[in-house]
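Here is how the chains run, residue by residue.
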Amino acid sequence: MRFIHTSDWHLGKNLEGHSRIEEQKMFCSDFVKIVEDNDIDMVVIAGDIYDTANPSAEAEKLFYSTVSKIAANGKRCVVVIAGNHDSPERIEAASPLAFEQGILLFGNPLSKTSIGKFEGFEIVEAKKGMTKLIINGEKANVLTLPYPSEKRLNDAFEAETDEDRQKTYSQKIGQIFRDLQEDFEENSINIAVSHLFVVGGESSDSERPIQLGGSLLVERKDLPDKANYVALGHLHKPQKASELGCSYYSGSPLQYSKSERVYAKGAKIVEIHPNEKPKLEDIMFNNYKPIELFKCRGVQEALDICEQNRGRSMWSYFEIKTDEIISQEDIKAMKKNLADIIEIKPVITYQQEEKTVDLKTKSMAELFRDFYTFNKGVEPKGELMDMFMKIAGEEGGEE
């Protein structure tokens, strides 16, 4: 059996107010082709389908049209769990219709699907948190634990003793995994799918934290130790979650923050058979509109970079060393060549010594100039000074 592990699509996500939906559409189109070209039997999406619990109609349409093409009316199994950005209730509301196409949606911890026979696979047993399949004549047991918020975890965790009630978040997760994997079988493929923050994982700027002071972190020792492969979601950087087993974060398909620009995006293709070590292959995605950070030694260098990259499709951040304010004319000139500049950040290099100011001997213009220079490291000039003087009621600006 061959399956592909992906996660954290975050459909509908913006980059500081700038829509990414066109890039997401290109990714979804390419992903369908990747699945078809690589003879994939099952697709696993490990949470954070959307960026919010109340996604736009466009984001929902994109997701369901994509997984419908992938499933191909039951030719291929698609397993989807909710992440911390998703609404479990919203995910499960679509489950009956999705199931008819071979798309299995799990919203809450210990959700279950139904038995059924499809063109490319059969569900022979459906229990809370465990689905047993036959794909290409091979038996596969899929353990699913959608994002367990503290409340959802407590609802799912059966605390029978005081000792159980006093267990930490990670210990409760570990106990659920141990209980569920009792249904794993020898001579079968055993897979676990969840959306968690494992201790030691490397995060980025675009993930919404799910741990509060470390209380919602999961220890490596509490991951399923009997699984042939553990497919995780939440962290956007592709990485191994534990050296103790075959546990991986696939990462997000797009760069969702400037901290993510330094590594490639992709998914894991896993070829796996009973009683054999899985074979892993990284499949890389296109970078449709890269995020770039330019650190410039002056405004002119920034202007030159914009000219050199005229017409290039990218999101850009600029950090410009300067000893004066960046004028609106220069900003307009930069944006004329590069339309999608997210931020222009001046890095002030001029330092002024602190000095005492006599308020009685200073005019309004002088007080403002001193205050601005003290805080920003540069003197206010031109339109900024004129604007302040107009607001202050002293028309005419500086002499």
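Residues numbered from 1 in each chain as written. Predicted model: local features only at pLDDT ≥ 70, side-chain atom pairs only at ≥ 80, totals over all residues. Heavy atoms only, no water.

Chemist: Teacher, can you tell me more about helix 8 (residues 299-308) here?
Modeler: Because each turn of an α-helix spans 3.6 residues, side chains separated by three or four positions end up pointing in the same direction. Those residues of helix 8 that fall on the buried side of the exposure criterion are Val299, Ala302, Leu303, Ile305 and Cys306. Along the long axis of helix 8, the arc covered by the buried residues comes to 160°, so they all point the same way. For helix 8, the secondary structure elements touched by its buried residues are strand 17 (291-296), strand 18 (315-322), helix 9 (328-337) and strand 19 (341-348). (Buried < 20%, exposed > 50% of the residue type's maximum accessible area, 1.4 Å probe, protein only. Helix = DSSP H or I, 4+ residues; strand = E, 2+ residues; numbered from the N terminus. Arc of directions from axis to C-beta. Contact = heavy atoms within 4.5 Å.)

Chemist: Looking at this model, I keep getting lost on the pairing of strand 8 (residues 121-127). Mind explaining?
Modeler: If a strand is regular, its side chains alternate between the two faces of the sheet. Sheet analysis places strand 7 (residues 116-117) next to strand 8, joined by 2 bridges and oriented antiparallel. Bridged to glycine 116 within strand 8 is isoleucine 123. Hairpin geometry of strand 7 and strand 8 is characterised by an intervening segment of 3 residues between the two adjacent antiparallel strands. Relative to strand 9 (residues 130-135), strand 8 runs antiparallel, the two being bridged by 6 bridges. Paired with alanine 126 across the two strands is threonine 131, which belongs to strand 9. (Pairing = 2+ DSSP bridges.)

Chemist: Please explain the pairing of strand 9 as it appears in this structure.
Modeler: Buried residues dominate strand 9, accounting for 5 of its 6 residues. What sits between strand 8 and strand 9 in their antiparallel hairpin is a turn of 2 residues, with glycine 129 showing a positive phi close to 75°. Between strand 9 and strand 10 (residues 138-145), which pair antiparallel one after the other, the connecting turn spans 2 residues, and asparagine 136 there sits at a positive phi close to 55°.

Chemist: Looking at this structure, how should I read the packing of aromatic side chains?
Modeler: The relative placement of two aromatic rings is captured by the distance of their centres and the angle of their planes. Tallied over the entire structure, the rule returns 13 aromatic pairs. Between tryptophan 9 and phenylalanine 31 the ring centres are 5.4 Å apart and the planes differ by 75°, which places this aromatic pair in the edge-to-face class. Separated by 22 residues along the polypeptide, tryptophan 9 in the loop between strand 1 (2-6) and strand 2 (14-15) and phenylalanine 31 in helix 1 (residues 21-37) bring together distant segments of the chain. On the accessibility criterion, tryptophan 9 (1% relative accessible area) is buried. Joined through ring pairs, the aromatic side chains of Trp9, Phe27, Phe31, Tyr50, Phe63, Tyr64 and Phe285 make up one cluster. Stacked on the ring of tyrosine 256, the Lys or Arg lysine 13 has its end atom at 5.9 Å from the ring centre. One Lys or Arg, lysine 289, reaches over the ring of tryptophan 315 and ends 3.8 Å from the middle of that ring. (Phe/Tyr/Trp six-rings, centres within 6.5 Å; stacked < 30°, edge-to-face > 60°. Lys NZ or Arg CZ within 6 Å of the ring centre and 35° of its normal.)

Chemist: It is not clear to me how the sheet that holds strand 19 should be interpreted in this structure. Could you clarify?
Modeler: The pairing of strands in a sheet comes from backbone hydrogen bonds and takes either a parallel or an antiparallel form. Read from one edge of the open sheet, 3 strands run 17-18-19, paired in parallel fashion. In this open sheet, the two strands that pair with only one neighbour each are strand 17 and strand 19. Taken pair by pair, the neighbouring strands of this sheet meet at an average axis angle of 10°, ignoring direction. Across 7 bridges, strand 18 lies against strand 19 in parallel orientation. Across the sheet, lysine 321 pairs through a bridge with valine 347, a residue of strand 19. Relative to strand 19, helix 9 is tilted by about 145°, and along the sheet it contacts strand 18 and strand 19. (Axes fitted to C-alpha atoms, helices over the stretch in contact; angles between N-to-C directions.)

Chemist: What exactly am I supposed to notice about the packing of helix 1 against helix 2 (residues 57-71) here?
Modeler: How two helices sit against one another is set out by the angle between their axes and by the gap between those axes. At a closest axis distance of 9 Å, the pairing of helix 1 and helix 2 adopts a crossing angle of 10°. With respect to helix 2, the element helix 1 is oriented roughly parallel. Together, Ile21, Gln24, Lys25, Cys28, Phe31, Val32 and Val35 of helix 1 and Glu58, Leu62, Thr66, Lys69 and Ile70 of helix 2 make up the contact between the two elements. (Parallel < 35°, antiparallel > 145°, perpendicular 65-115°, else oblique.)

Chemist: How should the sheet that holds strand 4 (residues 42-46) be read in this particular structure?
Modeler: Ordered in space as 6-5-4-1-15-16, the 6 strands form an open sheet in which the pairing is mixed. Each edge of the open sheet is held by one strand with a lone partner, namely strand 6 (103-106) and strand 16 (279-284). Direction aside, the axes of adjacent strands within the sheet are offset by 20° on average. As paired strands, strand 5 (residues 77-81) and strand 6 are joined by 4 bridges and run parallel to one another. What sits directly across from valine 78, in strand 6, is isoleucine 103. Running over the sheet, helix 1 touches strand 1, strand 4 and strand 16 and is turned about 155° from strand 1.

Chemist: Hey, could you run me through the packing of helix 8 against helix 9 in this one?
Modeler: Helix 9 packs onto helix 8 with a crossing angle of 20° between their chain directions and a minimal axis gap of 8 Å. The angle between the axes of helix 8 and helix 9 places the two elements in the roughly parallel class. Crossing hand, helix 8 versus helix 9: left-handed. Residues Val299, Ala302, Leu303, Cys306 and Glu307 of helix 8 lie in contact with helix 9, whose contacting residues are Asp330, Ala333, Met334 and Asn337. Residue composition of the contact of helix 8 with helix 9, grouped by class: 6 nonpolar, 1 polar and 2 charged. (Left-handed = near helix turned anticlockwise from the far one by under 90°. Nonpolar A, V, L, I, M, F, W, Y, C, P; charged D, E, K, R; others polar.)

Chemist: Would you mind going over the pattern of salt bridges with me for this structure?
Modeler: Two side chains bearing opposite charge may form a pair once their charged atoms approach each other closely. One pass over the structure, following the stated rule, counts 23 salt bridges. Linking glutamate 185 and lysine 139 is a salt bridge whose minimum nitrogen-to-oxygen distance equals 3.4 Å. Of this pair, glutamate 185 sits in the loop between helix 7 (169-180) and strand 11 (189-195) while lysine 139 sits in strand 10, placing them 46 residues apart in sequence. On the accessibility criterion, lysine 139 (39% relative accessible area) is partly exposed. With its nearest N and O atoms 3.8 Å apart, the salt bridge here joins aspartate 222 to arginine 178. Linking aspartate 222 in the loop between strand 11 and strand 12 (229-233) with arginine 178 in helix 7, this pair joins segments that are 44 residues apart in sequence. Salt bridges sharing common partners tie together Glu125, Lys132, Lys139 and Glu185. (Salt bridge = Lys/Arg side-chain N within 4 Å of Asp/Glu carboxyl O.)

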